[in-house]
Amino acid sequence: EDKVVQSPLSLVVHEGDTVTLNCSYEVTNFRSLLWYKQEKKAPTFLFMLTSSGIEKKSGRLSSILDKKELFSILNITATQTGDSAVYLCAVEARRGSTLGRLYFGRGTQLTVWP
Amino acid sequence: DGGITQSPKYLFRKEGQNVTLSCEQNLNHDAMYWYRQDPGQGLRLIYYSQIVNDFQKGDIAEGYSVSREKKESFPLTVTSAQKNPTAFYLCASSQTSGISSETQYFGPGTRLLVL
């Protein structure tokens, strides 16, 4: 059974701290790994990772994928209260040219205190 | 102003009632998806559609039905056979190339509550 596991499930930090969120997966026909940020409503896209060892960065956020060990991390440096959200990891599985589908983890609830 | 819209924002269902959740997109995306999210849980796939007039069951399709008569629209009906429908429902869409991975973009969601 395909599976995506995120850890920790919950994390509380103070502004300025650096956090690392983890995502491990066991998915057949892996194509890509995606990170989303969800604040009460629709998840918003952060990163898509397809190749091992290539870091993607956007401001204070960065992410990297290890396809050999089957995991990804999402780093947030100098956290701010606006970073408080649920961070979702999803893995795309696709066979050939058929439509890819996403398998989601349960998410990490990040709370940043001022 | 391109995007995905879902309506209503909140929906109340009585016992034995079928209700329909609307999802519309003007991104010209081929693929559309429906997910269910329960508290503390990840998103679970209900149905997805790659093209008009074609759709496939996801992991939790029982008690739900969909149609895809137009590229822009992918309504979800929660039938009376779904015994525990209270959840947050998210619609998503993506472009499909059949080759490369494409990001899924989400609508604002519909919260369904049972009376």
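Scroll up for the structure.
The rules behind these values
- Residues numbered from 1 in each chain as written.
- Chains lettered and ligands numbered in written order.
- Predicted model: local features only at pLDDT ≥ 70, side-chain atom pairs only at ≥ 80, totals over all residues.
- Heavy atoms only, no water.
- Helix = DSSP H or I, 4+ residues; strand = E, 2+ residues; numbered from the N terminus.
- Rg over C-alpha atoms; globule rule 2.2 N^0.38 Å.
- Buried < 20%, exposed > 50% of the residue type's maximum accessible area, 1.4 Å probe, protein only.
- Contact = heavy atoms within 4.5 Å.
- Lys, Arg positive; Asp, Glu negative; His and termini not counted.
- Charge placed at Lys NZ, Arg CZ, Asp CG, Glu CD.
- Salt bridge = Lys/Arg side-chain N within 4 Å of Asp/Glu carboxyl O.

Draft legend 1. The arrangement of the overall build of chain B in detail. What chain B contains, in helices and strands, is zero helices and eleven strands. Ordered by position in the sequence, the α and β elements of chain B form the string β-β-β-β-β-β-β-β-β-β-β. Taken against the 2.2 N^0.38 rule, which gives 13 Å for 115 residues, the C-alpha radius of gyration of chain B at 14 Å falls within 12% of a compact globule. Viewed in the frame of its principal axes, chain B has a C-alpha envelope of about 45 × 30 × 30 Å. Here chain B holds 115 residues, and the buried ones make up 48% of them. Pairs at least 24 residues apart make up 54% of the contacts formed inside chain B by residues separated by at least 6 positions. Each charge sign in chain B was given a centre, from 11 positive and 11 negative side chains, and these centres are 8 Å apart.

Draft legend 2. View of unusual backbone geometry. Of the consecutive residues Ser7 of chain A and Pro8 of chain A, the connecting peptide bond is found in the cis state with omega at -10°. Along the polypeptide, Pro8 of chain A turns up in the loop between strand E1 (3-7) and strand E2 (10-14). Pro8 of chain B follows Ser7 of chain B through a cis peptide bond whose omega is -5°. Unlike most non-glycine residues, Ala78 of chain A shows phi in positive territory, near 45°. As for its placement among the helices and strands, Ala78 of chain A is situated in the loop between strand E8 (71-76) and strand E9 (85-93). Even without being glycine, Asn53 of chain B reaches a positive phi, approximately 65°. In this fold, Asn53 of chain B is placed in the loop between strand E5 (43-49) and strand E6 (56-57).

Draft legend 3. Molecular detail of the pattern of salt bridges. Residues and elements named next belong to chain A. Scanning the model with the defined rule gives six salt bridges over all chains in all. The residue Lys37 makes a salt bridge to Glu39 at a minimum N-O spacing of 3.9 Å. Linking Asp83 and Arg60 is a salt bridge whose minimum nitrogen-to-oxygen distance equals 2.9 Å. Placement of the pair is Asp83 in the loop between E8 and E9 and Arg60 in the loop between strand E6 (56-58) and strand E7 (61-66), with a sequence separation of 23 residues. Given the relative accessible area of 4%, Asp83 is considered buried. The class for Arg60 is partly exposed, based on a relative accessible area of 24%.

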